[in-house]
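Here are the chains, one letter per residue:
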Amino acid sequence: MDITKIREKFKSLYGTTGDVYTSPGRINLIGEHTDYNGGFVLPGAIDKAMYCEIKPNGTDKVRAFALDLNESAEFGLEEADKPAQQWACYIFGVCREMAKRGKKVQGFDTVFSGDVPLGAGMSSSAALESCFGYALNEIYRLGFERFEIALIGQATEHNYVGVMCGIMDQFASCCGKEGNLMRLDCRSLEYAYVPFNPKGYRLVLINTCVTHNLAGGEYNKRRQSCERVVAEIAKTHPEVKLLRDANLDMLKEVKSKVDPVDYMRAEFVVEEIQRLLDACAAMEKDDYETVGKLMYGTHEGLSKKYEVSCPELDFLNDQAKACGVSGSRVMGGGFGGCTINLVKSELYDNFVKTATEAYKKQFNIDPKVYDVVIKDGARKLA
Ligand code: GLA
């Protein structure tokens, strides 16, 4: 993205120049709604990101300008100073979470912008948190590790936005590495880089352009369902602290004791954790047809059992199947946003043309297409 506009606005608002930082959005190949259940995820940082120019201003106030919204906010750094706009709460929350960890952030001026589409399941909010987390850590030499910056972003969502998200998005944004996916164990927080170069295939996102707002509450309800099932299983299996620790037999034991909807949600999660492990094993053998089948399995589960899909996403998934795409599924939190598609290179053109035309005809919305490019995580630009 061209950062000239950020530079110009910063200069015109504050009469000086600052440093520019960036942090990206993410894709996730497989492993959805598993992170807050202690399972595995397989994300990668992408070439769409948030960018901020920033400079300490010697006061105890933050002056922020959101270039894409053409809105400004000014706020202090004490708990009572929480700003009204949600976008400003992401920045405020990061400052507060740093302060809670004993590291004091002072006032600063900033302008930010980005090209991660909002509400598209590509983690625009995590990119924003990680961008400011990384920038403030460097500017004030706070000494946080990248993973701690990710945890600060996650805590910001929990405490200042109200989304009880897992760690996947902030982790991917902070720790991403060009050309690599990351297999993160969300229980131990251990991770490994997995070089991703599926020869003969392309990875493409199609954005329904139906946006979600996870703050809407459905996301948190899914998490609560999982927690209720864990509480029931733990009565007879006290070692089970998360759905990751459970298996399908343990689930069956509590079937008559839990709400049927909660049961269905938990069943999806236990199956999804296994699907990710199966996909990793298939990737080691370069067997991307199996990876693709598992992705369709994820979509089916997210649509029918976890119920976080929507007609637009299901339609694109059907289009992928009809075009012979190897794997396709809703990506991210759901309720709108993108499908991620693993498609043989020779089928790519036909798929993109057919799916986007059919989608436009059906919903009268122009879907957006993004080729996936796996890039580095948070960094200083200039
Ligand atoms: C959102 C959350 C993540 C994760 C995904 C679903 O992106 O922020 O923590 O739970 O949904 O996999």
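Just above, that's the structure.
Residues numbered from 1 in each chain as written. Predicted model: local features only at pLDDT ≥ 70, side-chain atom pairs only at ≥ 80, totals over all residues. Heavy atoms only, no water.

1. A few points about the overall build of the protein chain
Right, so step 1: A count of helical and extended segments in the protein chain gives 11 helices and 13 strands.
Right, so step 2: Relative to the compact-globule value of 21 Å for 382 residues, the protein chain shows a C-alpha radius of gyration of 21 Å, a close match.
Right, so step 3: When the backbone C-alpha atoms are referred to their principal axes, the protein chain occupies close to 60 × 55 × 40 Å.
Right, so step 4: Each of the 382 residues in the protein chain was classed as buried or not, and the buried ones make up 58%.
Right, so step 5: Pairs at least 24 apart in sequence give 72% of the contacts found in the protein chain among residues at least 6 apart.
Right, so step 6: About 15500 Å² of surface is accessible on the protein chain, with carbon and sulfur atoms providing 48% of the total.
Right, so step 7: Across the protein chain, the centroid of the 48 positively charged side chains sits 1 Å from that of the 54 negatively charged ones. (Helix = DSSP H or I, 4+ residues; strand = E, 2+ residues; numbered from the N terminus. Rg over C-alpha atoms; globule rule 2.2 N^0.38 Å. Buried < 20%, exposed > 50% of the residue type's maximum accessible area, 1.4 Å probe, protein only. Contact = heavy atoms within 4.5 Å. Areas by Shrake-Rupley, 256 points an atom, 1.4 Å probe, with all protein chains shown as cover. Lys, Arg positive; Asp, Glu negative; His and termini not counted. Charge placed at Lys NZ, Arg CZ, Asp CG, Glu CD.)

2. Structural notes on the site of the ligand
Right, so step 1: Within the structure, the ligand sits among 13 residues, and E32, H33, D35, D169 and Y219 are positioned closest to it.
Right, so step 2: Taking E32, its side chain carries an N or O atom lying 2.7 Å from an oxygen atom of the ligand.
Right, so step 3: Here G333 contributes a backbone N or O atom positioned 3.4 Å from an oxygen atom of the ligand.
Right, so step 4: Starting from 300 Å² of accessible surface for the ligand in isolation, the protein chains cover 95%.
Right, so step 5: Looking at the shell around the ligand, its residues break down into 5 nonpolar, 4 polar and 4 charged. (Near = heavy atom within 4 Å. Polar contact = N/O pair within 3.5 Å; in protein donor to acceptor, adjacent residues only side chain to side chain. Nonpolar A, V, L, I, M, F, W, Y, C, P; charged D, E, K, R; others polar.)

3. Details of the packing of helix α9 (residues 288-304) against helix α10 (residues 311-322)
Right, so step 1: Where α9 meets α10, the axes come as close as 11 Å, and the angle between the chain directions of the two elements is 155 degrees. Classified by the angle their axes make, α9 and α10 are roughly antiparallel. Judged by the sense of rotation from one axis to the other, the crossing of α9 with α10 is left-handed. From α9, Y296, H299 and S303 reach across to α10, where they touch L313, D314, N317, A320 and K321. (Axes fitted to C-alpha atoms, helices over the stretch in contact; angles between N-to-C directions. Parallel < 35°, antiparallel > 145°, perpendicular 65-115°, else oblique. Left-handed = near helix turned anticlockwise from the far one by under 90°.)

4. Focus on the nonpolar core
Right, so step 1: Among the nonpolar cores identified, the biggest contains 106 residues, and I27, L29, I54, F108, M122, L136 and L205 are the most heavily contacted of them.
Right, so step 2: No other element matches helix α8 (residues 260-284), which puts 11 residues into this core.
Right, so step 3: Filtering out sequence-adjacent residues up to four positions away, M122 remains in contact with G25, R26, I46, K48, V116, P117, L205, M331, C338 and Y370.
Right, so step 4: Within the second largest apolar cluster, 14 residues are counted, among which are I206, L316, Y348 and F351. (Core = buried A, V, L, I, M, F, W, Y, C linked by side-chain atoms within 4.5 Å.)

5. Thoughts on the sheet that holds strand β8 (residues 191-195)
Right, so step 1: The strand order β2-β7-β8 describes an open sheet built from 3 strands, whose pairing is antiparallel. With one partner strand each, in any of the chains shown, β2 (40-41) and β8 form the two edges of the open sheet.
Right, so step 2: Two elements, strand β7 (residues 180-185) and β8, share 5 bridges in a ladder whose sense is antiparallel. Residue M182 lies in a different strand from β8, and its bridge partner there is Y193.
Right, so step 3: The strands touched by helix α5 (residues 168-175) within the sheet are β2, β7 and β8, with β7 carrying the most contacts at an inclination of about 135 degrees. (Pairing = 2+ DSSP bridges.)

6. Remarks on the packing of aromatic side chains
Right, so step 1: The tally for this structure, following the rule as stated, stands at 18 aromatic pairs.
Right, so step 2: Judged by centre distance (6.0 Å) and plane angle (35 degrees), the rings of F147 and Y191 are tilted. Placement of F147 in helix α4 (residues 146-161) and of Y191 in strand β8 is noted, with a sequence separation of 44 residues between them.
Right, so step 3: Both rings, one in Y359 and one in F363, keep their centres 4.9 Å apart while their planes meet at 45 degrees; by these two values the pair is tilted. Residue Y359 and its partner F363 are located together in helix α11 (residues 345-363), separated by 4 residues, close to a single helical turn.
Right, so step 4: With relative accessibility at 0%, the residue Y359 sits in the buried group.
Right, so step 5: Linked through ring pairs, W87, F108, F112 and F132 together constitute an aromatic cluster.
Right, so step 6: The ring of F65 has K9 sitting right over it, with the charged end atom 4.7 Å from the ring centre.
Right, so step 7: Positioned over the ring face of F144 is K103, at 5.0 Å from the centre of the ring. (Phe/Tyr/Trp six-rings, centres within 6.5 Å; stacked < 30°, edge-to-face > 60°. Lys NZ or Arg CZ within 6 Å of the ring centre and 35° of its normal.)

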